Amino acid sequence: MTIDLHTHSYRSDGTDAPGDLVRAAGRQGLSVVALTDHDTTAGWVEAEQAAIDVGIDLVLGIEMSCRLPDRAGSVHLLAYRPDPDYRPLADELTRIVAGRDDRTPRILERLAEHGVDLTLADVQAVSGKASAAGRPHIADALVARGVVADRDEAFARFLGPGGPAYVPRYATPLPDALRLVAEAGGATVVAHPWSDHRYGEIDEDALGRLADLGLAGIEVDHRDHGPEARRRLRAIAGDLGLVVTGSSDYHGTGKVDHELGCETTAPEEYDALMARCDEAAAWAGRPAPGIVTSR
Ligand code: AMP
Ligand code: FE
Ligand code: FE
Ligand code: ZN
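Quantities reported herein were computed from a predicted structural model and do not represent experimental measurements.

1. A short note on unusual backbone geometry
The phi angle at arginine 81 is positive, at roughly 60°, despite the residue not being glycine. In this structure, arginine 81 sits in the loop between strand 4 (74–80) and helix 3 (87–113). By relative accessible area, arginine 81 is classed as buried at 8%. Positioned with a positive phi, aspartate 257 is a non-glycine residue whose angle comes to about 65°. Its place among the elements puts aspartate 257 in the loop between strand 8 (243–246) and helix 10 (267–284).

2. Observations concerning the coordination of the iron ion (ligand 3)
Around the iron ion (ligand 3), the donor atoms from the protein are Glu63 (OE), His76 (ND1) and His192 (NE2), and they sit 2.1 to 2.2 Å away. Expressed as a motif, the donor residue spacing for the iron ion (ligand 3) is E-x12-H-x115-H. The distance between the iron ion (ligand 3) and the iron ion (ligand 2) comes to 5.4 Å. One end of the pair, glutamate 63, is in strand 3 (residues 57–67); the other, histidine 192, is in the loop between strand 6 (187–190) and helix 8 (204–212), with 129 residues separating them in the sequence. Residue classification places histidine 192 among the buried residues on the basis of a relative accessible area of 12%.

3. Topic: the site of ligand 1
Among the 15 residues in the neighbourhood of ligand 1, the closest are listed as His38, Arg100, Arg103, Arg135 and Asp152. Aspartate 152 places a side-chain nitrogen or oxygen 2.8 Å from a nitrogen atom of ligand 1. Between ligand 1 and lysine 255 there is a distance of 3.2 Å, counted from an oxygen atom to a side-chain nitrogen or oxygen. Protein burial of ligand 1: of its 500 Å² of free accessible surface, 84% is covered by the chains. Within the residue set of the shell around ligand 1, elements represented by two or more residues are helix 3, helix 5 (135–144) and helix 6 (151–159). With three residues, helix 6 is the single largest residue contributor to the shell around ligand 1. In the shell around ligand 1, the residues fall into two nonpolar, five polar and eight charged.

About the thresholds
Per chain, residues are indexed from 1 in the order of the written sequence. Naming scheme: in the order in which they are written, chains are lettered from A and ligands are numbered from 1. Under the rules for a predicted model, residues below a pLDDT of 70 receive no local features and side-chain atom pairs below 80 are neither given nor counted, while totals for whole chains, interfaces and linings still include all residues. Only hydrogens and water are set aside; all other atoms, that is, all heavy atoms of the structure, feed into the side-chain values. Elements are defined by DSSP. Helices are runs of H or I of four residues or more, strands are runs of E of two residues or more, and each kind is numbered from the N terminus. Relative accessibility thresholds used throughout: buried, under 20% of the residue-type maximum; exposed, over 50%; partly exposed, between the two (1.4 Å probe, protein chains only). Atoms of type N, O and S within 2.8 Å of a metal are treated as its donors, and for Na, K and Ca the window is 3.2 Å; water is not considered, so some sites may appear to be missing partners. By convention in this text, a residue qualifies as near a molecule or strand provided that one of its non-hydrogen atoms is within 4 Å of it. N or O atoms closer than or at 3.5 Å make up a polar contact, with two conditions inside protein: a donor-capable atom paired with an acceptor-capable one, and, for residues adjacent in sequence, both atoms drawn from side chains. A 1.4 Å probe and the Shrake-Rupley method give the accessible areas. Residues count as covered only by the protein chains that appear here. Gly is put with the polar residues, along with every residue not named as nonpolar or charged; the nonpolar set is Ala, Val, Leu, Ile, Met, Phe, Trp, Tyr, Cys and Pro, and the charged set is Asp, Glu, Lys and Arg.

In short, geometric facts, not functional conclusions.
Have a look at this one:
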């Protein structure tokens, strides 16, 4: 069983159509794939249709832009199988996306101050299919203009934290996000908590507080985590009774070395996560979206 619970389509900053992503997962022999675009459910319907055609299990999710209540810096929260019609969650996603849209012109002003001419139309030309537009699209527009060679160079030279065109944006405080997803009948997993530049920053105490607030799991096996980070995070998950996931964080051609199925989740961990979703849906009295066909 190959289970990949974290991927992006062109509804956020991936490059594949949601249906193409699901079909590619099927061709590669994955048993389960989750679609987890940043801050939007816009790809869900198309992905569902493709999953029915292909006969693959599809877990519907969102990667929500969050922050620790007491710290700056973003934390990504994977929300699995929340009811997309739960109004307070839908409203919060709208607020995050509005924060993204507000930020784009401010990034363009910063770029102009540094002698880089890029217009909103340039960005929209590459982000046309996205409901959640972001820095990767600005990076793609910079590539199209010949300013940089790829997204990595755009983040390194301009867009990353500390870069000349870095502008922060709205993100949901994690306790609010955990509550909203639970009320929507979904289960949550903190995504790549120790990406290289923030190794150990969200420590065991912080993860324990999130577990107390309902966090179901930790994404341990991710390309951004080295062997030592994985070992320590796995131990913390064991101590806290959290599910351990592993996933590709596939972005199509938008991120190298993140191919579908390059990192995977163990079947028993997947079952535990789906049980958490079922419990949450029952507790919230909400329908659980998504297709789990073969199990
Ligand atoms: P945003 O959501 O607009 O704040 O941009 C953050 C997104 O940019 C993340 O979800 C990553 O997928 C992507 N990203 C961050 N750093 C890089 C990089 N060096 N190369 C390509 N994509 C990146
Ligand atoms: Fe992304
Ligand atoms: Fe992420
Ligand atoms: Zn992601």
